[in-house]
Amino acid sequence: MAEEKIILLTKEAYDKLKEELAHREGEYRDEITERIAAARAEGDLSENGGYQAAREEQGKNEGRINELIVKLRNAKILEAPEEGLVGNGSVVTLDLAGREMTYVLGSRDIAVATDYDVISPESPIGAAIIGAKAGDTVSYSAPNGRQISVTIKDSHPLA
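What counts and how
Residues numbered from 1 in each chain as written. Predicted model: local features only at pLDDT ≥ 70, side-chain atom pairs only at ≥ 80, totals over all residues. Heavy atoms only, no water. Pairing = 2+ DSSP bridges. Helix = DSSP H or I, 4+ residues; strand = E, 2+ residues; numbered from the N terminus. Salt bridge = Lys/Arg side-chain N within 4 Å of Asp/Glu carboxyl O. Polar contact = N/O pair within 3.5 Å; in protein donor to acceptor, adjacent residues only side chain to side chain. Contact = heavy atoms within 4.5 Å. UniProt positions renumbered as here; feature names shortened; annotations may be inferred. Axes fitted to C-alpha atoms, helices over the stretch in contact; angles between N-to-C directions.

1. As for the pairing of strand S7 (residues 147–157)
Within a regular strand, side chains alternate between the sheet's two faces. Bridging between strand S3 (residues 90–96) and S7 involves 6 bridges; their strand directions are antiparallel. By the bridge assignment for S7, Val-91 is matched with His-156. Two strands pair when backbone bridges link them, and strand S6 (residues 137–141) and S7 are joined in this way by 5 bridges, in the antiparallel orientation. Across the sheet, the residue bridging to Ser-139 is Ser-149, located in S7. The antiparallel hairpin formed by S6 and S7 contains 5 residues in its connecting segment, where Gly-145 sits at a positive phi of about 95 degrees.

2. A word on the pattern of salt bridges
Per the stated rule, a full pass over the model turns up 11 salt bridges. Across the pair Asp-15 and Lys-11 runs a salt bridge whose closest N-O atoms are separated by 2.9 Å. In this pair, Asp-15 and Lys-11 are both assigned in helix H1 (residues 11–41), 4 residues apart and thus about one turn of the helix distant.

3. Here we look at the side chain of Ser-90
With respect to the helices, strands and loops of the structure, Ser-90 is situated in strand S3. Within polar-contact distance, the side chain of Ser-90 engages the backbone nitrogen of Gly-87 at 2.8 Å. If we ignore the near neighbours within four places in the chain, the residues touching Ser-90 are Pro-81, Leu-85, Tyr-103, Val-104, Leu-105, Ser-155, His-156 and Pro-157.

4. So, the UniProt feature "domain: Transcription elongation factor GreA/GreB C-terminal" (unreviewed entry) in the protein chain
As recorded in UniProt, the feature "domain: Transcription elongation factor GreA/GreB C-terminal" (unreviewed entry) lies at residues 84–154. Spanning residues 84–154, this segment combines 8% helix with 42% strand, and its end C-alpha atoms are found 6 Å apart.

5. Structural notes on the UniProt feature "domain: Transcription elongation factor GreA/GreB N-terminal" (unreviewed entry) in the protein chain
Residues annotated by UniProt as "domain: Transcription elongation factor GreA/GreB N-terminal" (unreviewed entry) correspond here to residues 7–77. Span residues 7–77 is 79% helix and 8% strand, its end C-alpha atoms 8 Å apart.

6. Things to note about the sheet that holds S3
Taking strand neighbours across the sheet as the criterion, the 5 strands line up as S5-S4-S3-S7-S6 in an open arrangement whose pairing is mixed. Among the strands making up the open sheet, the edge pair consists of strand S5 (117–119) and S6. The mean inter-strand angle of the sheet, taken between neighbouring strand axes irrespective of direction, is 45 degrees. When strand S4 (residues 99–105) meets S5, the two strands line up parallel, connected through 3 bridges. Note that in S5 the partner of Leu-105 across the bridge is Ile-119.

Next up, the structure:
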């Protein structure tokens, strides 16, 4: 069995994933089951597109349920970093060559609880800014080998 890694989530992201799991295990699963039963009642299943589509959707739903169960089981709720310090779950405003951009630092699973784009802490820029504070300028190597400097304009916990 593959090693399962810890998923870092904000409390809000954790709650949204729990809501999605409850929906998929409850009313959505029931809705799909009803569609399968209705299509089955139509007769010949070999040429029944509605039946095939509902079965495919059922498989996707069950796969997502399993994925959510694993993520929630392996989730660790992030403790908010202190104001100004960049950490997992921080909303970070960066100045990159005169362009200001705002991101959340964390896993893509955090994205369910925010409208911000997400930077992974394992990415070159994420690894460079984690632990820095507002006002710091840090450098990182881009995938093409170029050195890039970025200034942290602001950092605060994701609310």
